[in-house]
Structures are given as C-alpha cells and as structure tokens.
Amino acid sequence: MTYDANNIFAKILRGEIPSHKLYEDEYTLAFMDVMPQVDGHCLVIPKVGSRNLLDAELSTLTPLMATVQKVARAAKAAFKADGVQVRQYNELAAGQTVFHLHFHILPLNEGQTLRPHSGKMADHGVLASHAEKIKKAL
Ligand code: AMP
C-alpha cells in the first residue's frame, strides 16, 4: 500500500482546505476532528507523508508521539476529563478512512460513551470554541 498525497489531511497540511488548528511544530500538526466522537476530539498528524503506523519511519513517530502526549494532556485539562483515549487505525479493515497517519485524542469522563466514528459534522463555531479551550491548556 502506497501513500496518496491527495488525501484530506495532506490537503490540510498544504493549506488547501481549512482546519481548526491547535498546535504545529516542524514535524507535526494537531487540529480538531470535524466529526467529533466526544467534545474535544482532535487529531495529531506528522508532516511527513506516511499512510499509517505500518509504513511510518521511527524518525516520524518520535516527534509525533511527543505531540500526541502534549495534546492529550491539554485536551484532558481543557475538558476537565477523567481520562483521555488515544486511538489509531491501520487500513480500511481496521476502520481507517483517511490514509495519512493520525492519532485520535478523545477526552472522556467516567461513564461517557462515544458518538459514532465519522458520524455527524460539528458546527464550526463550536469546533472553534473547543479549539480555543485546548489551545489555552497547551
Ligand atoms: P480514521 O481514518 O478512521 O481514523 O478517521 C479519520 C477521522 O478524520 C474521522 O474521525 C473523521 O471525522 C476525521 N475527518 C475527516 N475529514 C476531516 C477534515 N477535513 N478535518 C478534520 N477531521 C476530518
């Protein structure tokens, strides 16, 4: 399986489509998921084009995991969550729908259930306000 640079996250990286950005450094970008499974659901991606975890170089994963930890801490704090789930899917059979490596960050409270994966598009005003909360906690 090869990497296709026409995927939606590659377009976000190139600035061809908009996103609610949370954090960016030389190697990584974090932004809000547009179909959040919980309030504060966000994504962390590498700038390098890997299809998923299976083809990624270690040099991609090291800075990526640092950003995953940073954003997970901030999302948990911003939403006063009891915990935070980190999810990552590899290939269609495993639930992957966008073929640019990404980690889902899901702040969760005790007993809280997730909305469907790739479900309902959120209101952009709501996403912007959730992004502000996480940015403040970063
Ligand atoms: P998956 O590949 O199954 O791990 O999930 C891809 C995720 O990307 C889903 O949670 C979608 O809601 C999310 N998504 C799809 N398009 C966009 C977009 N343009 N901006 C932000 N998130 C997106």
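The structure under discussion appears in the preceding block.
Now for a quick tour of the structure. (Residues numbered from 1 in each chain as written. Predicted model: local features only at pLDDT ≥ 70, side-chain atom pairs only at ≥ 80, totals over all residues. Heavy atoms only, no water.)

## Some details on unusual backbone geometry
- One non-glycine residue with positive phi stands out, namely Lys 80, at about 45°.
- Note on placement: Lys 80 falls in the loop between helix H2 (58–78) and strand E4 (83–87).
- The exposed category is assigned to Lys 80, whose relative accessible area is 69%.
- Although it is not a glycine, Ser 118 sits at a positive phi angle of roughly 50°.
- Relative to the elements of secondary structure, Ser 118 occurs in the loop between strand E5 (103–108) and helix H3 (124–137).
- Judged by its relative accessible area of 41%, Ser 118 is partly exposed. (Helix = DSSP H or I, 4+ residues; strand = E, 2+ residues; numbered from the N terminus. Buried < 20%, exposed > 50% of the residue type's maximum accessible area, 1.4 Å probe, protein only.)

## A few points about the site of the ligand
- The ligand sits among 18 residues. The nearest are Asp 33, Gly 95, Thr 97, His 102 and His 104.
- At 2.9 Å, a backbone N or O of Val 98 approaches an oxygen atom of the ligand.
- Compared with its free state, where it exposes 500 Å², the ligand has 93% of that area covered by protein.
- Counting atoms within 2 Å of the grid points, the majority share of the ligand lands in the largest pocket. (Near = heavy atom within 4 Å. Polar contact = N/O pair within 3.5 Å; in protein donor to acceptor, adjacent residues only side chain to side chain. Areas by Shrake-Rupley, 256 points an atom, 1.4 Å probe, with all protein chains shown as cover. 1 Å grid on protein atoms, 1.4 Å probe; cavity = no way out; pocket = protein on both sides within 12 Å on 5 of 7 lines; lining within 4 Å. Sits in = over half its atoms within 2 Å of the grid points.)

## Focus: H3
- With 14 residues, H3 should cover 20 Å at 1.5 Å per step; its first-to-last C-alpha distance of 20 Å lies within 8% of that length.
- For H3, every residue scored as buried is listed here: Leu 127, His 130, Ala 131 and Ile 134. Looking down the long axis of H3, one finds its buried residues gathered within 105° of arc, a one-sided arrangement.
- Tucked into the core, H3 has its buried residues touching strand E1 (21–24), strand E2 (28–32), strand E3 (42–46) and H2. (Expected span 1.5 Å × (residues − 1). Arc of directions from axis to C-beta. Contact = heavy atoms within 4.5 Å.)

## Here we look at the packing of aromatic side chains
- Within this structure, the stated rule accounts for one aromatic pair.
- Measuring from ring centre to ring centre gives 5.3 Å for Phe 9 and Phe 31, while their planes differ by 75°; the resulting arrangement is edge-to-face. In this pair, Phe 9 sits in helix H1 (residues 8–13) while Phe 31 sits in strand E2, placing the two residues 22 residues apart along the sequence. Residue Phe 9 shares its accessibility class with Phe 31, and that shared class is buried.
- The ring centre of Phe 79 lies 4.6 Å from the NZ or CZ of Lys 133, which sits over that ring. (Phe/Tyr/Trp six-rings, centres within 6.5 Å; stacked < 30°, edge-to-face > 60°. Lys NZ or Arg CZ within 6 Å of the ring centre and 35° of its normal.)

## Considering the nonpolar core
- Within the largest apolar cluster, 22 residues are counted, with the highest numbers of intra-cluster contacts made by Leu 22, Met 32, Cys 42, Val 44, Val 71, Ile 105 and Ile 134.
- Of all the elements, H2 adds the most residues to this core, at eight residues.
- Those residues within four positions of Leu 22 in sequence are excluded, and the remaining contacts are Ala 30, Phe 31, Met 32, Cys 42, Val 71, Ala 131, Ile 134, Lys 135 and Leu 138.
- Core analysis: the second largest hydrophobic core is formed by seven residues, Phe 9, Leu 29, Ile 45 and Val 98 among them. (Core = buried A, V, L, I, M, F, W, Y, C linked by side-chain atoms within 4.5 Å.)

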